[in-house]
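Each chain, letter by letter, is given below.
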Amino acid sequence: MKTVIGVSFKDAGKIYYFDPDNIELEVGDNVIVETARGIEFGEVVLGKKEVSEEELVSPLKNVIRKATIKDREKHEKNLKLAEEAFDICLEKIADHGLPMKLIDVEYTFNHNKIMFYFTADGRVDFRELVKDLAAVFKTRIELRQIGVRDEAKMVGGLGPCGRRICCGKFLRDFDPISIKMAKKQDLSLNPAKISGLCGRLMCCLKYEVDIYKQLKNDMPEIGDTIELNIGEGEVVERNLIKKSVIVEMENNETMEIEYEEFND
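In short, a report on the structure.

Procedures and definitions
- Residues numbered from 1 in each chain as written.
- Predicted model: local features only at pLDDT ≥ 70, side-chain atom pairs only at ≥ 80, totals over all residues.
- Heavy atoms only, no water.
- Pairing = 2+ DSSP bridges.
- Helix = DSSP H or I, 4+ residues; strand = E, 2+ residues; numbered from the N terminus.
- Axes fitted to C-alpha atoms, helices over the stretch in contact; angles between N-to-C directions.
- Core = buried A, V, L, I, M, F, W, Y, C linked by side-chain atoms within 4.5 Å.
- Buried < 20%, exposed > 50% of the residue type's maximum accessible area, 1.4 Å probe, protein only.
- Contact = heavy atoms within 4.5 Å.
- Patch = residues over 30% accessible without salt bridge, like charges linked within 9 Å, V, L, I, M, F, W, Y side chains within 5 Å.
- Areas by Shrake-Rupley, 256 points an atom, 1.4 Å probe, with all protein chains shown as cover.
- Salt bridge = Lys/Arg side-chain N within 4 Å of Asp/Glu carboxyl O.
- Lys, Arg positive; Asp, Glu negative; His and termini not counted.
- Charge placed at Lys NZ, Arg CZ, Asp CG, Glu CD.
- Phe/Tyr/Trp six-rings, centres within 6.5 Å; stacked < 30°, edge-to-face > 60°.
- Lys NZ or Arg CZ within 6 Å of the ring centre and 35° of its normal.
- Left-handed = near helix turned anticlockwise from the far one by under 90°.
- Nonpolar A, V, L, I, M, F, W, Y, C, P; charged D, E, K, R; others polar.

**Concerning the sheet that holds strand S9 (residues 225-228)**
Moving on, step 1. In space, the four strands of this open sheet follow the order S9-S10-S11-S12, with antiparallel pairing throughout. Both edges of this open sheet fall to S9 and strand S12 (254-258), since each of them pairs with a single strand only. With direction set aside, neighbouring strand axes in the sheet form an average angle of 45 degrees.
Moving on, step 2. Direction of pairing for strand S10 (residues 231-239) relative to strand S11 (residues 244-249): antiparallel, over a ladder of six bridges. Along S11, the bridge assignment pairs Glu 234 with Glu 248.

**Re the nonpolar core**
Moving on, step 1. Counting residues in each nonpolar core, the largest one holds 18 residues, and the members touching the most others are Met 100, Phe 116, Leu 133, Phe 137 and Leu 143.
Moving on, step 2. When contributions to this core are tallied by element, the ones reaching two or more residues are helix H1 (69-96), strand S6 (101-107), strand S7 (113-119), helix H2 (127-137) and strand S8 (140-145).
Moving on, step 3. The element contributing the most residues to this core is H1, with four residues.
Moving on, step 4. With near-sequence residues (within four places) excluded, Phe 137 lies in contact with Ala 85, Ile 88, Tyr 107, Ile 114 and Phe 116.
Moving on, step 5. One finds Leu 215, Leu 228, Val 245 and Val 247 within the second-largest nonpolar core, a separate group that totals 12 residues.

**Observations regarding a negative patch on the surface**
Moving on, step 1. Among the surface-exposed residues, Glu 83, Glu 84, Asp 87, Glu 91 and Asp 95 lie close enough to one another that they form a single negatively charged patch.
Moving on, step 2. Relative to the elements of secondary structure, Asp 95 occurs in helix H1.
Moving on, step 3. Its relative accessible area of 62% is what places Asp 95 among the exposed residues.

**Some words on a positive patch on the surface**
Moving on, step 1. The grouping of Lys 180, Lys 183, Lys 184 and Lys 213 at the surface amounts to a positive patch.
Moving on, step 2. For the positive patch, the element with the most residues is helix H5 (residues 179-184), which contributes three residues.
Moving on, step 3. When you line up the elements, Lys 180 lands in helix H5.

**A few points about the packing of aromatic side chains**
Moving on, step 1. Taken as a whole, this structure holds six aromatic pairs when the rule is applied.
Moving on, step 2. Here Phe 41 and Phe 109 contribute two aromatic rings whose centre-to-centre distance is 6.2 Å and whose plane-to-plane angle is 20 degrees, an arrangement assigned as stacked. Note that Phe 41 is positioned in strand S4 (residues 38-51) and Phe 109 in the loop between S6 and S7, a separation of 68 residues in sequence. With respect to burial, Phe 41 and Phe 109 carry one shared label: buried.
Moving on, step 3. Between Phe 170 and Tyr 207, the ring centres sit 6.5 Å apart and the planes meet at 35 degrees, which makes this aromatic pair tilted. Taken together, the residues span a long stretch of sequence, with Phe 170 in the loop between helix H4 (166-169) and H5 and Tyr 207 in the loop between helix H6 (191-194) and helix H7 (209-218) at a distance of 37 residues.
Moving on, step 4. Through pairs of rings, three or more aromatic residues link up here, namely Phe 9, Tyr 16 and Phe 18.
Moving on, step 5. Between the NZ or CZ atom of Lys 10 and the centre of the ring of Tyr 117, over which it lies, the distance is 4.9 Å.
Moving on, step 6. Sitting over the ring of Phe 174, Lys 153 keeps its end group 5.9 Å from the ring centre.

**Section: the packing of H1 against H2**
Moving on, step 1. Relative orientation of the contacting elements H1 and H2 amounts to 140 degrees, with a least axis distance of 10 Å. Note that H1 runs across H2; the crossing there is right-handed. From H1, Ala 85, Ile 88, Cys 89, Lys 92, Ile 93 and His 96 reach across to H2, where they touch Glu 128, Leu 129, Asp 132, Leu 133, Val 136 and Phe 137.
Moving on, step 2. Classifying every residue of the contact of H1 with H2 gives eight nonpolar, one polar and three charged.

Nothing here speaks to function; it is geometry throughout.
What follows is the structure in structure tokens.
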């Protein structure tokens, strides 16, 4: 077992493990760490915990230091520089007439690399763009094409519920979402109603699918015939949340029946 802390570099970003190296750290503290991209400024999102060697990506790197006031000031400056780099890159993309949409820009903490994230319908030949950007910024340039779900996570926004979208607020990883999840919850299959800002199926379709699956196991299917004390009826509609069904009787009258009334 190894003692680690969890560090994230973005809001709702992926969590990476680091060795605290006997530095006293708490959740919410900022730290300076070394990553595959270089020296980075991150936030402790998981306090010290024991994990098995199998859960770690070797070699486990140490926290360099707890962030100082100067480190935080430099990080804030980097965020402003990234905004300026974004505008410059937009101009260069327009100059080259490239079919790409710039989404975000990041500086590594020590400025050894600048990363430009973009979306595009297909592959883009951005070699000349990289040369131009390198000439302007005098450092390593990395252009990374991302998908629509990553775009939504970076840009953010409000979902149909009126709240901040889940991937931008607390979801650190994307889980597979299928149309079957919507079907199991008896939801409308209208794409406009079950799609998120990214145009893909909403991540929240997964939250309650197991509960709905259990509710459906306890409820009759639409089209089933059920026996009531007043005769037989066909289930024509059901409300899983209320645990009720709409039953059409032999005389064509319909009535809403609580599940418990015919489950005894």
